[in-house]
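Single-letter residue listing:
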Amino acid sequence: MSSEQLLKLGIPKGSLQDATINLFAKSGWKIGLHHRNYFPDINDETMKCSLCRAQEMAVYVEDGTLDVGLTGKDWILENESDVVVVSDLVYSKVSNRPARWILAVSNESPYKRPEDLAGKKISTELENFTRKYFEQAGIPVEVEFSWGATEAKVVEGLCDAIVEVTETGTTIRAHGLRIIAELLQTNTQLIANKAAWEDPWKRAKIEQMNTLLQGALRAEKLVGLKMNVPHDRVDTVMELLPSLNAPTVAHLHNSDWTSVEIVVEESVVRDLIPQLQAQGAEGIIEYPLNKVI
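Residues numbered from 1 in each chain as written. Predicted model: local features only at pLDDT ≥ 70, side-chain atom pairs only at ≥ 80, totals over all residues. Heavy atoms only, no water.

J.: So what's going on with the overall build of the chain? Residues and values would help.
T.: The number of helices and strands found in the chain is 10 helices and 16 strands. The C-alpha atoms of the chain give a radius of gyration of 25 Å, which is well past the 19 Å a tight globule of 293 residues would have. Put simply, 69% of the contacts in the chain that link residues at least 6 apart link residues at least 24 apart. Element-wise, carbon and sulfur atoms account for 48% of the exposed surface of the chain, whose accessible area totals about 15200 Å². If the 30 positive side-chain charges of the chain are averaged to one point and the 42 negative ones to another, these points end up 3 Å apart. (Helix = DSSP H or I, 4+ residues; strand = E, 2+ residues; numbered from the N terminus. Rg over C-alpha atoms; globule rule 2.2 N^0.38 Å. Contact = heavy atoms within 4.5 Å. Areas by Shrake-Rupley, 256 points an atom, 1.4 Å probe, with all protein chains shown as cover. Lys, Arg positive; Asp, Glu negative; His and termini not counted. Charge placed at Lys NZ, Arg CZ, Asp CG, Glu CD.)

Encoded structure:
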């Protein structure tokens, strides 16, 4: 197989790794990990898969080491990477919503606004972005890179504030810290190398991947419902159904019953099923969905 017919895919190693592999599995690509091996198997002979830290993904996509990869908007901005952002993929290991880079201080500190930190030291892994944020705001601060355990540095007195990523804020509060500003909302993005994006075969493959990944994400909050309804109660049942599209209705052969099938938000099912039963629906089946395109 020629290199032109091989798509090099980067999977983010670390906290997003399992969620990403699960998302690809729902999309039709099975990725198999090997112990201490950075090149997982993938059930597609036209693709080569590599594990890469999210912090470095955009760098490798930009220089062509990888054709396409998944990383956070934050790390694209941090590295000032010149890549094609194909789409947003809002998923995470916790809440499936965008994460936030926040500015936090100790609960006991007097600081209430970013301006109060003028002349102070801020510790963060997102060093370049943080420095530019304060420069643009005209607030002179010292920004130092943090190799980890950033929340503890304020408590230990090693810095005056931190810029850290959070989804729910639980860890921030657990460390006795207080959020005083939100600097950036970030989520996972599918990015492509510019040359790969201009290649017709690779672009078609990337667009196929994006369509199926988006379909898998859309399906995570949806389920299918199938039921049998008496002919004379169909209109009443239809009024209860908050379907994604118009329900599928089929008359059962030699019967006074009708089969009804819909796609609905999973969150409404627990209240919807008793209402359907009250209107005479029987044989109600709920089933998961892998993709909704």
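J.: Account for the sheet that holds strand β10 (residues 161-166), with residues named and values stated.
T.: What the five strands build is an open sheet, ordered β9-β8-β10-β7-β11; its pairing is mixed. Edge positions in the sheet fall to β9 (142-145) and β11 (177-186), since each has one partner strand and no second. Pairs of neighbouring strands in the sheet enclose a mean axial angle of 25 degrees, with direction left out of account. Bridge analysis of strand β7 (residues 99-106) against β11 gives eight bridges, and the strand direction is antiparallel. Paired with A99 across the strands is T186, a residue of β11. (Pairing = 2+ DSSP bridges. Axes fitted to C-alpha atoms, helices over the stretch in contact; angles between N-to-C directions.)

J.: Residues and numbers for the domain arrangement of the chain, please.
T.: According to the domain assignment, the chain contains domain 1 (3-94 + 188-219), domain 2 (99-185) and domain 3 (222-288). Taking the mean C-alpha position of each, domain 1 and domain 2 sit 30 Å from one another. In this assembly, 11 residues from domain 1 lie in contact with 11 residues from domain 2. On the domain 1 side of the interface with domain 2, the three residues burying the most area are D74, W75 and E78, jointly 53% of the side's total. Inspection of the region where domain 1 meets domain 2 yields one salt bridge. The partner of K132 in a salt bridge is E80, with the nearest N and O atoms 1.7 Å apart. Seen at the junction of domain 1 and domain 2, the total is six residue pairs in polar contact (both at pLDDT 80 or more). Among the elements that make up the side of domain 1 that touches domain 2, the one with the highest residue count is helix α3 (residues 73-79) (five residues). (Domains from an automatic or database assignment. Buried area = accessible area lost by both parts, 1.4 Å probe. Salt bridge = Lys/Arg side-chain N within 4 Å of Asp/Glu carboxyl O. Polar contact = N/O pair within 3.5 Å; in protein donor to acceptor, adjacent residues only side chain to side chain.)

J.: I'd love a proper account of unusual backbone geometry, names of residues and values included.
T.: Its identity is not glycine, yet E80 carries a phi of approximately 50 degrees, on the positive side. Note on placement: E80 falls in the loop between α3 and β6 (84-89). The class for E80 is exposed, based on a relative accessible area of 53%. One non-glycine residue, N254, lies in the positive phi region at around 50 degrees. Relative to the helices and strands, N254 is located in the loop between β14 (248-251) and β15 (257-265). Overall, the relative accessible area of 71% leaves N254 in the exposed class. (Buried < 20%, exposed > 50% of the residue type's maximum accessible area, 1.4 Å probe, protein only.)

J.: Describe helix α8 (residues 200-219), listing the residues and the values that go with them.
T.: Taking 1.5 Å of rise per residue, 20 residues should cover 28 Å, and α8 covers 29 Å from first to last C-alpha, within 8% of that figure. Every buried residue of α8 is accounted for by K202, K205, I206, M209, N210, L212, L213, G215, A216, L217 and A219. In this structure D199 caps α8, since a side-chain oxygen of it lies 3.1 Å from the backbone nitrogen of W201. (Expected span 1.5 Å × (residues − 1).)

J.: So what's going on with the pairing of β9? Residues and values would help.
T.: As paired strands, strand β8 (residues 121-124) and β9 are joined by four bridges and run parallel to one another. Within the sheet, the bridge partner assigned to I122 lies in β9 and is V143. In this view, the connection linking β8 to its parallel neighbour β9 by way of helix α4 (residues 127-137) has right-handed handedness. (Right-handed = clockwise from strand over helix to strand, strands pointing away.)

J.: Report on the packing of helix α1 (residues 17-27) against α8, specifying residues and quantitative values.
T.: With their axes 8 Å apart at the nearest point, α1 and α8 run at an angle of 105 degrees to one another. In this view, α1 runs roughly perpendicular relative to α8, as classed from their interaxial angle. Contact residues: L23, F24, K26 and S27 in α1; M209, L212, L213, A216 and L217 in α8. Looking at the contact of α1 with α8 residue by residue, the class counts come to seven nonpolar, one polar and one charged. (Parallel < 35°, antiparallel > 145°, perpendicular 65-115°, else oblique. Nonpolar A, V, L, I, M, F, W, Y, C, P; charged D, E, K, R; others polar.)

J.: Could you give an account of the packing of aromatic side chains, with specific residues and numbers?
T.: Taken as a whole and assessed by the stated rule, the structure comprises four aromatic pairs. Centre to centre, the rings of W75 and W101 are 5.9 Å apart; their planes meet at 90 degrees, and the pair counts as edge-to-face. With W75 in helix α3 and W101 in strand β7, this residue pair connects regions lying 26 residues apart in the sequence. When its relative accessible area of 9% is taken as the criterion, W75 is described as buried. (Phe/Tyr/Trp six-rings, centres within 6.5 Å; stacked < 30°, edge-to-face > 60°.)

J.: Any details on the nonpolar core? Residues and values, ideally.
T.: Among soluble globular proteins, nonpolar side chains are generally buried collectively. Ranked by internal contacts, the top residues of the largest apolar core, which has 29 residues, are L9, I11, F24 and M209. When residues of this core are assigned to their parent elements, the largest contribution, six residues, is made by α8. Discounting chain neighbours no more than four positions away, the residues touching I11 are T20, I21, F24, I31, C49, S50, L51, C52, M57 and L70. (Core = buried A, V, L, I, M, F, W, Y, C linked by side-chain atoms within 4.5 Å.)

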